[in-house]
Structures are given as structure tokens and as C-alpha cells.
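The primary structure of each chain is shown beneath.
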Amino acid sequence: MFMKNILKKYYLLALCCFTLASCENFEEVPLEWATESYVWDETDLNGTYASYWVNNIYAQLPTAYFRFYGGHKSGVFLACATDDAVPSDAGNGMWNIIRGGYSASTLFDDNWSKNYSAIRKCNIFLANYMRVPWADLQEAAYLAAEVRFLRAYFIFDMVQRYGGVPLIGDKVYKPADAELLSLTRNSFKECIDYVLSELEAVKDELRPEASLADRGSGNGKKDGKDPYLGRIRKHIVLAFKAKVLLYAASPLFNGTGESEKPYIGYPEYDRNRWGEAAKAAKVIIDSKEFELEPDRYMLNYTSVNKEVIWMRTTYATWNRGVLFLTPIGFRVSNLDAEGRISPTQELVDAFPMKNGKPIYAEGSGYDAQNPYVDRDPRLNETVFYNGSRWLRQTVETFEGGMNKPNNSTKYKVQTQTGYYGKKFVADDSENTTLTNTNYNGNAPSGWAIIRYADILLMYAEAQNEFLDKPDQSVYDAIEIVRKRAGLDPYQLPKNLTQEEMREYIRTERRIELAFEESRFWDIRRWKIADKVYSTMLHGMKIEKEEDGTFSYTPTEIIKPYFSKEMYLQPIALKEIQVNDNMQQNPGY
């Protein structure tokens, strides 16, 4: 018994370390420590080990930020695989995807094995958690509901990539089970219906919400109060339901015309799917439990606030997150800035003028030789551009400037486009040191999976597509976001057609949610990637004249590779080779 207790302590320590670091697989914990007798301990009245098993499942949620091709050491955003940005480092692996795309043997952001591993852990928990003699049965019920939601999330996370996937229900397969080699893909409809049924089953079985007053108790300056931050609650379920329905209603999946391939989407188009998505988003709006934070910078350094609905929390093991974004040439606390993200001219041009007009609209006031004056304030919150301020210095991205020196001996990496990514930082324009943010410091590092601005734009999109012409509720939803941004006037032109409103909504999603892992999926579900991403992307060449003025000349960066089969991602070749029943997506 003494040795068993010692092993339990080591197991608990290892599992705690895993949960905090969130950078290893649970299987890397020694197998002799992870036997069922330890996790489903019949003497563990508090369910401590079972609870840590659930924490381990939470840890498999995507980490976002710089998760591609190098992680915190050299990684870049998912946005670098869109028309919004490219990696500053010419040697970063993302360039291979930009130039050559992906295939069944050259995968990108593949999560098939990872998510099925997470689903297996969910099923193991659900099959065993009541072996624990819980002193608090309510806690056991909360955890079971959370796990069912997470399982539904992992399924949808695959569906948005591949279309329909094999649904395994509650079954726990062993690695050697022959049935694994004969699974077939369920239809897209069956997968969406399953996810929605799971969300419906658990929405009223979860922990209590933190009120709007509690979450906003930081008064726009610091974190509010939420004792269950990161845990799944009812409004997270409802918000995620809206997202699932929005994706299912989108052109990529809604009316494929492929009745013989039901796993790639609904064969027939149904406008009512947009209506269901709008209703789901409206439930969140009508709850009046969420508001936009007046200061968007609040979203970068708080995890508990009025706007964020679902925050993924983990712990950072480094404190250089903001330096990954800060332009090269800056040095803070004896650390060199890295400037890893180079936004494109296409993204910069998407930001309207402060008067709300697109830059090329008549009467906008845009000046191509003074291009950043009187722009949407979100441009300065999202992009470092020539002449912007940072750490009491002026950013110089002109040729030979401090932040684009063209000196490969001193700086092996610099902007590819004349811009650097800025999202997720604090307002340190006139500070001398960097403020800790959700991705800078040793405090919990948060990633907002869904926030209220996204819900408002989901509603606007779904309602606009459901109707023949946008009604006032569509205007109201998008104008709330534009008003918070600081546009003046923030109102849209009256009597817009559905098509005109669609363009405003899509642009608003692009700029409001820039770098938040939205654009990659949006241009696919809208089926516009072959138009906006397989065309030349641009930067800006800036030259300083003798009189101190600047000339601005758009310059070509790269024409990414994108072919129409890439709207869905391929199932790994190894999965197809070992299972004759596994259907590959078209074109691979």
C-alpha cells in the first residue's frame, strides 16, 4: 500500500506538470503510472486523478498563436496560410504550404490522429468515471458534461477540415482492434446532427455561469471574476452551436450537388440552414450576458471580461510573446525582437477609413502617398506600419530603416511586406517596456476561441443570407462592432442589397478577427479561396526621400498555390492505405 501511494503521488505530479505545460502527450507519462487502478481510484473521494484526466483532455484544445512550424521558438500564425500574411522568415516551413499547398502525403494542420486520441480519452473517462466513489456527485456530473462537449468539439474540429468522419460513439477501441481497419466515414449531416445532439444534451448540465457584472468587475482595466474560467458552461455550448450551424449553412457544405459523396456536405442547398444559424446566434445576443469591451486592447491582457465567451487557458513557459511580434530592430530587456509575421497589403487595404468608407470608395479621403492617416483605428491595433509608434519610437519600415535595414549580416529575418503583425499586444506605443499580455508572461496564457464580436458577425452573416434583403437587425449587429472600433460615422449605407451587405460583413470579419484563426476557415467555407488566395499577394516598398517624405509603391510578394480540392483537407495517405473502406476527399 505504501508503494502504491508513492506511485500515485508521482503520477499526480507528472500529470500536474503535463497539464500546466500543455506541451506533451499524456501517453508520454510512464504507462505503469497511468493504469486504471490509479486514475479510477476507488478510494479517491474527491476524484482528484479523474479530474486531472479531464484537465488533460482540455489540454488538447488547439493552442493557437505561433503554433505552426516552430512553436514558441520560431512558429507563425495560421494567418500566414491566408491572404492576410506571410512569414517574415524566408526559411519558415509555412512557405512550403504557400508555394505547394498540401496533399495526402504532405499534410497541413492535420488533426485526425490527435483528435481521435482526444476522443478516445473522452470515451475512457465516460466509461469509467463512476467507478470513483465521488463525495460530490454534482462535480462528477459537471465533468461528464464537459467531456461530452469536448468530444463534440473535437469531432467538429475534424469535420470543418475533412467533412464527415467516422463516428465511434462511446466505444473505446484498443489499438489492435480489427474494426479500426474497416471504419467508414459518416455523412456530413450525420456528424453535424451528432454534434448538435451532444450540445443539446449537456447545455443544462454544466457549472454555473459567471454573471456579466462579475466578469466585468475589472472595470475595463483588469480581469473580472470567474471562478470557473476555462471550464465549459452553457453559453459556451450555445455559442459553439451557433458556429457549427453557421459552418454547416455555408457554401462549402450547403448544397454540394454530390449525392454520392454525402461525407463532403449536404448534397442539396437549404436556405433554412442559415435561419437556424441566425437563431442560435440570436440566443446569445438576447441573453444580454455579453457586451463588447469598449477598449479592444483589454482583450489582449485579460482572460475574464465582458466580451470573451470561451477562453482556452494554459500556462506559458516563456515570456517573449510580444517580442515575437515586435518589429526587428527593437531590443527590450536585452532581448531582440523577432517580427515573425508580415501582413499583406491586401489585409492593410481591407481596413476602411475612419469615416467608415472603403479606401477606394468615392469621398473616402484616402491618400496613396500618405496611406495610414485617418484609417480605421483597428489598423494601428493590428499592424505595425511605417510611421506608427512603438515603445516611444517611430517604426521605420522604409528601405534601410531601423525595422527594415536590408542587412542580412545583422538581421537574418525582416519583414517581407513592409509591415509587421501587431495583434495581441498591449498599447505600448509610448511606454518604455512591454506590458504582459495573454501571450507574454508567466501568468495563464489565454486564447479567445469565441468572443461576442464574433457572435454578432455570425448573426449578421446568417440573417443576411437567410433573407432576400438585410433587415435592421443585420445593420444593428455589424454596426455595434464598427462603433466600438471607433469609426465615425459607424453606420453603413442604407438600402444595401444582400450582396453588398455580404461584402461588408466579410470585410468586417476579416479585420475585426484578424489573426484569430478565422480567415483561413472563412475563405474556405465561403468558397472564395480560389479567387482571393490563388492570386498575387502584395506588400509595400517604402522609400525615404531627401526631403524626409516617403514614396509608397505596391510590390509583388508571391502567388500562393491553391487548387479547388484544397477546400477540404486530405485524409492522410496512411489512413487510406490501411483501411479500404476509408473514402478520400475528392481530388487527392
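These figures come from a predicted structure and were not determined experimentally. (Residues numbered from 1 in each chain as written. Predicted model: local features only at pLDDT ≥ 70, side-chain atom pairs only at ≥ 80, totals over all residues. Heavy atoms only, no water.)

A. Here's a closer look at the overall build of the protein chain. The helix and strand tally for the protein chain stands at 21 helices and 12 strands. Rg of the C-alpha trace for the protein chain: 24 Å, near the compact-globule value of 25 Å for 588 residues, within the 12% margin. Overall, the protein chain is about 80 × 55 × 50 Å in size when its C-alpha atoms are taken along their principal axes. Taking all 588 residues of the protein chain together, 57% fall into the buried category. For the protein chain, the proportion of contacts with a sequence separation of at least 24, taken over those separated by at least 6, is 71%. In the form shown here, the protein chain has an accessible surface area of approximately 24,500 Å², with 50% of it arising from carbon and sulfur atoms. Charged side chains in the protein chain number 71 positive and 80 negative. The centres of these two groups are separated by 2 Å. (Helix = DSSP H or I, 4+ residues; strand = E, 2+ residues; numbered from the N terminus. Rg over C-alpha atoms; globule rule 2.2 N^0.38 Å. Buried < 20%, exposed > 50% of the residue type's maximum accessible area, 1.4 Å probe, protein only. Contact = heavy atoms within 4.5 Å. Areas by Shrake-Rupley, 256 points an atom, 1.4 Å probe, with all protein chains shown as cover. Lys, Arg positive; Asp, Glu negative; His and termini not counted. Charge placed at Lys NZ, Arg CZ, Asp CG, Glu CD.)

B. Looking closely at the confidence of the model for the protein chain. The predicted model of the protein chain averages 92 in pLDDT, with 92% of residues at 70 or higher. Mean pLDDT values for the elements of the protein chain range from 40 in helix 1 (residues 2–21) up to 99 in helix 16 (residues 452–466). Between residues 1–33, whose pLDDT stays under 50, and residues either more than four places distant or in other chains, the model counts 48 contacts. (pLDDT = per-residue confidence, 0-100.)

C. Representation of the side chain of threonine 397 within the structure. Within the fold, threonine 397 resides in the loop between strand 8 (393–394) and strand 9 (420–421). A polar contact of 3.1 Å, which involves the side chain of threonine 397, links it to the backbone oxygen of glycine 418. Those residues in contact with threonine 397 that sit more than four places away from it in its chain are Tyr385, Asn386, Asn403, Lys404, Gly418, Tyr420 and Ile542. (Polar contact = N/O pair within 3.5 Å; in protein donor to acceptor, adjacent residues only side chain to side chain.)

D. Quick look at the nonpolar core. Core analysis: the biggest nonpolar cluster contains 161 residues, and Phe125, Phe149, Phe240, Trp310 and Ile455 have the highest contact counts within it. A per-element tally of this core places helix 7 (residues 137–162) first, with 15 residues. Each residue touching phenylalanine 125, except ones within four places of it in the same chain, is listed here: Trp40, Ala50, Trp53, Val54, Leu143, Ala144 and Val147. (Core = buried A, V, L, I, M, F, W, Y, C linked by side-chain atoms within 4.5 Å.)

E. Summary view of unusual backbone geometry. Residue aspartate 488 is joined to proline 489 through a cis peptide bond whose omega torsion reads 5°. Looking at the secondary structure, you find proline 489 in the loop between helix 17 (472–485) and helix 18 (498–512). Despite not being glycine, tyrosine 69 has its phi angle at roughly 60°, a positive value. Within the secondary structure, tyrosine 69 is located in the loop between helix 3 (48–58) and helix 4 (71–74). For lysine 527, which is not glycine, the phi dihedral falls at a positive 60°. Locating lysine 527 in the fold gives a position in the loop between helix 19 (519–525) and helix 20 (529–532).

F. Representation of the packing of helix 6 (residues 112–128) against helix 7 within the structure. At a minimum axis separation of 9 Å, helix 6 and helix 7 run at an interaxial angle of 160°. On the basis of their axis angle, the class for helix 6 and helix 7 is roughly antiparallel. Between helix 6 and helix 7 lies a crossing whose hand is left-handed. Taken together, the residues of helix 7 that come into contact with helix 6 (itself represented by Trp112, Asn115, Tyr116, Ala118, Ile119, Cys122, Asn123, Phe125 and Leu126) are Leu143, Ala144, Val147, Arg148, Arg151, Phe154, Ile155, Asp157, Met158 and Tyr162. Counted by class, the contact of helix 6 with helix 7 contains 14 nonpolar, 2 polar and 3 charged residues. (Axes fitted to C-alpha atoms, helices over the stretch in contact; angles between N-to-C directions. Parallel < 35°, antiparallel > 145°, perpendicular 65-115°, else oblique. Left-handed = near helix turned anticlockwise from the far one by under 90°. Nonpolar A, V, L, I, M, F, W, Y, C, P; charged D, E, K, R; others polar.)

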